[in-house]
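Take a look at the letters that make up each chain.
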Amino acid sequence: MGILALVLCSCSGQTVSLPWALPPASSWEHRGGFVFIHMESSLYSLPCSPIETGMADPTYHWWQDQPVPRLLSVTKEGHLLFQHFQAADSGKYSCTISYTKRRIPVSQTFHYSILGYHVPGGLDTVLLFHSKFCEDEWTKRFLHDLQDKLRQLEMEQHCKLQLNATFCFPSLNNPSDEFIVQVQLEVSLFGPNWDEYCNSQDLETVTDCYRKTVQHNLGQVQLALTRFFKEHKSFLITGPGIPSINFTNEFVGFLRTEQCSAGYGQTKQLHRCLDCCIVCPPGMFSPPKSSRCSPCPVGTYSVTHGMAFCTPCKHGMTTRAPGTSSMKDCVQKGRTKQAVSIAYKMPALLLIVLPALLILNVFFILSSCYLFYQDYHLQSPRASKLKGSTMRMERMSHFFRSPKRGPQGLLDASDTRSDKKQTDGASSSAMILNLASVTDETTPVLAPEKRRSTF
């Protein structure tokens, strides 16, 4: 039977594939790994593919694995742009690049884990002011005026100045008429355009550039603050219905710190900068002046990256374990107590059950050894030979039942019965000798006439 093959050919003589035989679209998944972006980076561009595809007219689609999606900035070349990167921008991002290759639709998806970080370095400033009054309303007006006058310095030094705390207490020289207002000022060196000299660096050298920039800016900010308070020695606060109050600066102190910012910890994930501070993941937090990310305590949770404090569950609810990263893990306290009580009872149950199981295992092992010893003892060659000889002797005695023939060693019935009665008191060695004498001799054979007369 012949086989008919149908081949379609083009005018040039080359084989043309059938339209229903086209291969399906191809797609691949790739893990891009971790991407570390420094906090407050002026501009960071992340390509969709780590290598150039070289394809014509590709399309790009970026998305973030986040409960609340946000608008992403993407260039025509498929680069994801971050401006003034914040801790909340950290998370899992994915990009799909689609194109056509040899008339076949092709798509490649790349997954990235983006984490914020910063090099250690900061400046804590303590300011002391003398004043005639120590009222909250006047102090708030003074701090507001001080913050406004420091904004110009922030823009010039590319830093951020934040007033953390204030304290008011009587003066030692004149406690009844004079007060001292203490102001704590925290200086962050990562202000607008702080990294303008490092934008052209590659990934291998950009961290070193950040370090040098931070150390240089520390000295510059310290000099600028010293000069500022020399020029602004006194601050006059006025307002409707209140007398004019003067706050006079008497002391400016600086302390350089190497601690992480709130929401960051030294997790040693960035190999090229082991002492850098990495953003804390969901389920963990890092308070100010701390350098470690800690799990959220039971009853709290954190949903996003870079949390300084965890969010407590609603009233009457708690979590089953620390390190919770979702509000859905908050349950009623009664269920949690029941689960915890069971967890606490488990060690006691194990202490009762485990010794019993151990005793049973030991008993089983000893029993197995005893049975094995018995089988081995009975199956030895000498025991087998003894048992076989005893059985042959009994068969011969029952068969012949004739008197003993003296030298030939033939046993009669009466002797056999008497020997049988004395077997219990006899030693094992005598029995072995009798068996040997019987088995070694030739078995006697009686003629038919003698056999009849005997029976």
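Below is a summary of the structure that appears in this document. On a predicted model such as this, the values are computed, not experimentally measured, just so you know.

Basis of the calculations
- Residues numbered from 1 in each chain as written.
- Predicted model: local features only at pLDDT ≥ 70, side-chain atom pairs only at ≥ 80, totals over all residues.
- Heavy atoms only, no water.
- Helix = DSSP H or I, 4+ residues; strand = E, 2+ residues; numbered from the N terminus.
- Buried < 20%, exposed > 50% of the residue type's maximum accessible area, 1.4 Å probe, protein only.
- Contact = heavy atoms within 4.5 Å.
- Disulfide = S-S within 2.5 Å.
- Lys, Arg positive; Asp, Glu negative; His and termini not counted.
- Salt bridge = Lys/Arg side-chain N within 4 Å of Asp/Glu carboxyl O.
- Pairing = 2+ DSSP bridges.

1. Some details on the overall build of the protein chain
Point 1. Secondary structure summary: the protein chain contains seven helices and 20 strands in total.
Point 2. Counting the 455 residues in the protein chain, one finds 31% classified as buried.
Point 3. Sequence separation of at least 24 residues holds for 62% of the intrachain contacts in the protein chain that already meet a minimum separation of 6.

2. Regarding the state of the cysteines
Point 1. One pass over the full model with this rule turns up eight disulfides.
Point 2. Paired through a disulfide, Cys-260 and Cys-277 show a sulfur-sulfur distance of 2.0 Å. Around the S-S axis, the bridge from Cys-260 to Cys-277 shows a dihedral of about -80° and counts as left-handed. Here Cys-260 is found in the loop between strand 12 (242-257) and strand 13 (264-265), whereas its partner Cys-277 is found in strand 14 (residues 277-279), with 17 residues between them in sequence. As far as the burial class goes, Cys-260 and Cys-277 line up, both buried.
Point 3. At a sulfur-sulfur separation of 2.0 Å, the disulfide partner of Cys-313 is Cys-330.

3. Some details on the side chain of Glu-154
Point 1. Assignment of secondary structure puts Glu-154 in helix 1 (residues 136-157).
Point 2. For Glu-154, which is buried and forms no salt bridge, the nearest opposite charge comes from Arg-151, at a distance of 5.6 Å.
Point 3. Discounting chain neighbours no more than four positions away, the residues touching Glu-154 are Gln-147, Cys-159, Lys-160 and Leu-161.

4. Things to note about the pairing of strand 10 (residues 179-188)
Point 1. Where strand 8 (residues 122-131) meets strand 10, nine bridges bridge the pair, whose relative direction is antiparallel. Residue His-130 lies in a different strand from strand 10, and its bridge partner there is Ile-180.
Point 2. With 10 bridges connecting them, strand 9 (residues 160-170) and strand 10 associate as antiparallel partners. Paired with Ala-165 across the two strands is Gln-184, which belongs to strand 10.

5. A word on the pattern of salt bridges
Point 1. Applying the stated criterion to the full structure yields five salt bridges.
Point 2. The partner of Asp-124 in a salt bridge is Lys-289, with the nearest N and O atoms 2.7 Å apart. Of this pair, Asp-124 sits in strand 8 while Lys-289 is found in the loop between strand 15 (284-285) and strand 16 (294-295), placing the two residues 165 residues apart along the sequence.
Point 3. Accessibility expressed as a relative area gives 18% for Asp-124, which makes it buried.
Point 4. With a relative accessible area of 40%, Lys-289 lands in the partly exposed category.
Point 5. Between Asp-145 and Lys-149 there is a salt bridge, with its nearest N and O atoms 3.5 Å apart. Of this pair, Asp-145 and Lys-149 both sit in helix 1, four residues apart, roughly one helical turn.

Coordinates in, geometry out; function isn't part of it.
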